[in-house]
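# Chains, contacts and geometry: an overview
Below, each chain spelled out in residue letters.
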Protein chains: 2
Amino acid sequence: MEERVKQIKQQLSGHSYKLTPQREATVRVLLENEQDHLSAEDVYLLVKDKSPEIGLATVYRTLELLSDLSIIHKLNFGDGVTRYEFRAEDAEHHHHHLICLHCGAVDEITDDWLGPIEKRVETEFDFQIIDHRLTFHGICYRCKGQVKDPKKLIGSKVT
Amino acid sequence: MEERVKQIKQQLSGHSYKLTPQREATVRVLLENEQDHLSAEDVYLLVKDKSPEIGLATVYRTLELLSDLSIIHKLNFGDGVTRYEFRAEDAEHHHHHLICLHCGAVDEITDDWLGPIEKRVETEFDFQIIDHRLTFHGICYRCKGQVKDPKKLIGSKVT
DNA sequence: CAATTAATTGATAAAAACTCTCACATTATA
DNA sequence: TATAATGTGAGAGTTTTTATCAATTAATTG
């Protein structure tokens with residue numbers, strides 16, 4: 001935890017940004033909730049618990065800054081809010097998500113299975129891939145059996 | 001074109017909805033611009049050209065209705081607006097998109113290459129897949145050569 | 001160390017994209 | 001035809017995010 005904060009501090013100073021108390025509070029909330037995919041509002045409320053004087057705009061600015069420096073990723077699961085997650089330092093690519101259409105849970109697949117497919121895209125479409133996003137929508141193991149007609153769930157979901 | 005309109009009319013009446021003039025105008029705009037991924041605002045402006053009396057809310061309602069009936073798909077490419085595309089009648093799944101981070105073009109891959117990967121997800125994660133979304137972000141053949149530092153593009157993009 | 005400059009912040013206004021409400025119009029049903 | 005149900009347009013309201021700007025804090029210069 002402390003090392004990660006220190007590491008982020010260095011990444012910021014490497015680009016002439018400071019790890020201000022507000023930014024540090026925001027980073028710590030993100031680190032403490034790394035499993036979840038927090039929205040800006042979520043982060044704001046959690047940061048406020050410890051630092052009530054912080055402003056919403058500052059949280060947005062910090063998330064944007066971290067995103068610009070590729071320290072975190074912006075995610076959009078089609079529910080109207082942008083969510084944020086740490087970017088694995090070593091990972092070349094974004095990982096994949098499993099979204100349950102019944103309970104809304106978002107699980108992760110950290111393996112990258114798209115290697116061969118990317119090859120095909122690069123050659124067949126002459127497209128230079130920088131990143132990719134792969135999301136599966138369906139029913140998670142927790143909700144299995146609770147859904148009678150899965151086709152019904154597909155309706156007006158976004159993404 | 002006319003057949004497709006008729007077909008959609010039947011899909012609507014099958015669910016006790018009518019193909020009103022406003023709905024028909026919206027459907028025709030979508031059909032005439034099937035290549036593009038229009039936003040609700042885009043559709044509204046195009047519909048207005050031919051039927052100036054139509055309201056924005058009606059366009060939103062129609063798109064929502066078509067989406068509920070799985071006649072069209074809602075898409076989100078992370079630019080803050082929901083986009084819409086026809087759903088191939090036969091296709092089990094959504095197709096894939098290639099998004100150019102330089103010019104913003106959205107090309108399509110209509111083949112479904114994820115069969116083997118879906119198998120793994122279903123067994124390894126006990127996740128029943130209903131649909132999936134796969135998007136590659138990178139540089140399209142048109143922009144090849146115009147981008148010096150591709151890594152720079154990755155910054156604060158959403159999705 | 002004092003003064004100036006720059007970076008950052010909080011509060012709030014504003015923008016953007018939808019969504020809701022409600023009176024009116026159109027269509028279907030009895 | 002009367003009555004009920006469905007659909008529409010206009011505009012108000014909501015939600016999420018961005019912009020503005022005065023005030024604070026930190027850094028730099030002399």
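Just so it is clear, the structure is predicted and the values come from calculations on it, not from any experiment. (Residues numbered from 1 in each chain as written. Chains lettered and ligands numbered in written order. Predicted model: local features only at pLDDT ≥ 70, side-chain atom pairs only at ≥ 80, totals over all residues. Heavy atoms only, no water.)

### What about the sheet that holds strand β1 (residues 38-39) of chain B?
Residue and element names in this part refer to chain B. Taken in spatial order, the three strands of this open sheet run β1-β3-β2, and their pairing is antiparallel. The open sheet is flanked by β1 and β2 (72-76), the only strands paired with a single partner. Where β2 lies against strand β3 (residues 82-86), five bridges are found, and the strand directions are antiparallel. Counterpart to Asn-76 in the pairing with β3 is Thr-82. (Pairing = 2+ DSSP bridges. Helix = DSSP H or I, 4+ residues; strand = E, 2+ residues; numbered from the N terminus.)

### Re the protein's contact with DNA strand C
Inspection of the region around DNA strand C gives 18 residues, with Thr-20, Gln-22, Thr-58 and Arg-61 of chain A together with Tyr-60 of chain B positioned closest. Atoms of DNA strand C within 4 Å of the protein: sugar and phosphate make up 74%, bases the balance. Here Thr-82 of chain B contributes a side-chain N or O atom positioned 3.0 Å from a phosphate oxygen of DNA strand C. Those elements giving two or more residues to the surface near DNA strand C turn out to be α2 (21-32) and α4 (56-68) of chain A together with α4 (56-68) of chain B. The residue makeup of the surface near DNA strand C, split by class, is six nonpolar, six polar and six charged. (Near = heavy atom within 4 Å. Polar contact = N/O pair within 3.5 Å; in protein donor to acceptor, adjacent residues only side chain to side chain. Nonpolar A, V, L, I, M, F, W, Y, C, P; charged D, E, K, R; others polar.)

### Examining the pattern of salt bridges
Applying the stated rule across the entire model yields 22 salt bridges over all chains. For Lys-144 of chain B, the salt bridge is made with Asp-126 of chain A, and the minimal N-O distance between the two is 3.0 Å. Of this pair, Lys-144 of chain B sits in the segment after β6 (128-139) while Asp-126 of chain A sits in the loop between α5 (115-124) and β6 (128-139), which puts the two residues in different chains. In this structure Asp-126 of chain A comes out as partly exposed when scored by relative accessible area, which is 31%. (Salt bridge = Lys/Arg side-chain N within 4 Å of Asp/Glu carboxyl O. Buried < 20%, exposed > 50% of the residue type's maximum accessible area, 1.4 Å probe, protein only.)

### Structural notes on helix α3 (residues 40-50) of chain A
Residues and elements named next belong to chain A. Taken residue by residue, α3 has Ala-40, Val-43, Tyr-44 and Val-47 as its buried positions. The buried side chains of α3 occupy one side of the element, clustering within an arc of 100° when seen end-on. In the core, the buried residues of α3 are packed alongside α2, β1 (38-39), α4 and β3 (82-86). (Arc of directions from axis to C-beta. Contact = heavy atoms within 4.5 Å.)

### Notes on the sheet that holds strand β5 (residues 106-109) of chain A
Ordered by their spatial adjacency, six strands build an open sheet running β5(A)-β4(A)-β6(A)-β6(B)-β4(B)-β5(B), and the pairing between neighbours is mixed. The sheet terminates laterally at β5 of chain A together with β5 (106-109) of chain B, the two strands that pair on one side only. Averaged over neighbouring strand pairs, the angle between their axes works out to 25° when direction is ignored. Sheet topology places β6 of chain A next to β6 of chain B; 11 bridges connect them, and they run antiparallel. From the neighbouring strand, His-137 of chain A faces β6 of chain B, where its bridge partner is Asp-131 of chain B. Each of β6 of chain A together with β4 (96-100), β5 and β6 of chain B is contacted by α5 of chain A, which is oriented at about 130° to β6 of chain A, the strand it contacts most. (Axes fitted to C-alpha atoms, helices over the stretch in contact; angles between N-to-C directions.)

### So, the UniProt feature "binding site: Zn(2+)" (unreviewed entry) in chain A
In the numbering used here, UniProt assigns the "binding site: Zn(2+)" (unreviewed entry) feature to Cys-100, Cys-103, Cys-140 and Cys-143 of chain A. Look at the named residues: they lie 44 residues apart in sequence, but the longest C-alpha span between them is just 8.3 Å, so in the fold they bunch up. Residue position: Cys-140 of chain A is located in the segment after β6. By relative accessible area, which is 1% here, Cys-140 of chain A ends up buried. In this structure, Cys-140 of chain A is in contact with Cys-100 and Cys-103 of chain A together with Asp-126 and Phe-127 of chain B, ignoring residues within four places of it in sequence. (UniProt positions renumbered as here; feature names shortened; annotations may be inferred.)

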